[in-house]
Amino acid sequence: MVEQADSMQGGTGATAKPGTRRGLPWGKLILLVVAIVLIVMLGRQASGYVGVFTAWLEGLGPWGPIAFILGYVVATVAFVPGSVLTLAAGALFGLLWGTVIVFVAATTGASAAFLVSRYLARSAIERRLAGNERFA
């Protein structure tokens with residue numbers, strides 16, 4: 001009744017229910033900050049290998065883009081973030097060809113990840129989720 005009177009008087013009507021918390025979820029915020037720090041550290045470490053990787057791909061000649069696509073597909077299936085590889089493709093192959101190569105590689109990688117989960121990992125995932133009420 002108080003909420004009804006409050007809304008009739010132009011109030012917000014936002015009364016907190018007992019037992020609910022408002023504010024930032026500190027655990028999630030800390031995990032996000034840690035994840036960002038780890039990604040930056042990984043990116044800095046990986047940047048040392050970009051020159052070696054570039055030289056190797058350029059040494060492959062016309063097979064370079066194909067090798068890059070295959071590496072991107074493997075990285076996608078292995079849950080490696082694609083942002084570093086996407087930026088590397090732009091640096092290696094230029095904006096236009098880098099975009100085309102990454103589009104092909106990301107689509108192929110997503111398809112491969114689906115096929116792996118559908119046919120190779122299905123039974124393991126079903127066993128893991130068998131006792132979960134939400135997936136019953």
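Definitions and limits used
Residues numbered from 1 in each chain as written. Predicted model: local features only at pLDDT ≥ 70, side-chain atom pairs only at ≥ 80, totals over all residues. Heavy atoms only, no water. Helix = DSSP H or I, 4+ residues; strand = E, 2+ residues; numbered from the N terminus. Buried < 20%, exposed > 50% of the residue type's maximum accessible area, 1.4 Å probe, protein only. Contact = heavy atoms within 4.5 Å. Axes fitted to C-alpha atoms, helices over the stretch in contact; angles between N-to-C directions. Parallel < 35°, antiparallel > 145°, perpendicular 65-115°, else oblique. Left-handed = near helix turned anticlockwise from the far one by under 90°. Nonpolar A, V, L, I, M, F, W, Y, C, P; charged D, E, K, R; others polar. Expected span 1.5 Å × (residues − 1). Salt bridge = Lys/Arg side-chain N within 4 Å of Asp/Glu carboxyl O. Core = buried A, V, L, I, M, F, W, Y, C linked by side-chain atoms within 4.5 Å.

Engineer: Outline the overall build of the chain, supporting the account with residue identities and numerical values.
Structural biologist: Helix and strand content of the chain: six helices and zero strands. Starting at the N terminus and ending at the C terminus, the chain contains elements arranged as α-α-α-α-α-α. Counting all 136 residues of the chain, 12% fall into the buried class. Long-range contacts, defined as pairs at least 24 residues apart, comprise 55% of the intrachain contacts of the chain with a sequence gap of at least 6.

Engineer: Requested: an account of the packing of helix α3 (residues 64-77) against helix α5 (residues 95-120), with residues and values cited.
Structural biologist: Two elements in contact, α3 and α5, have axes separated by 8 Å at closest approach and are oriented at 40°. Here α3 lies oblique to α5, going by the angle between them. Crossing of α3 against α5: the hand is right-handed. Facing P65, F68, I69, Y72, V73, T76 and V77 of α3, the residues of α5 in contact are I101, V102, V104, A105, A106, T108, G109, A110, A112, A113 and V116. For the contact of α3 with α5, the per-class residue count stands at 15 nonpolar, three polar and no charged.

Engineer: Just give me the short version of α3, but keep the residues and values in it.
Structural biologist: The terminal C-alpha atoms of α3, which comprises 14 residues, lie 20 Å apart, in line with the 20 Å expected from a rise of 1.5 Å per residue. Along α3, the residues that are buried comprise G64, A67, F68, I69, Y72, V73 and A75. Within two residues after α3, F79 carries a phi angle of roughly 65°, on the positive side.

Engineer: For the pattern of salt bridges, give the residues involved together with the corresponding values.
Structural biologist: Scanning the entire structure with this criterion turns up one salt bridge. As a salt-bridge pair, E126 and R122 come within 3.1 Å of each other at their nearest N and O atoms. Here R122 and E126 lie together in helix α6 (residues 122-129), a separation of four residues that amounts to about one turn. When its relative accessible area of 39% is taken as the criterion, R122 is described as partly exposed.

Engineer: I'd love a proper account of the nonpolar core, names of residues and values included.
Structural biologist: With eleven residues, the main nonpolar core is built from L57, A67, F68, I69, Y72, V73, A89, L92, I101, V102 and A105. Those elements that provide at least two residues to this core are α3, α4 (83-93) and α5. In terms of residues, this core owes the most to one element, α3, which gives five residues. Not counting residues up to four positions away in its chain, the partners in contact with V73 are A105, T108, G109 and A112.

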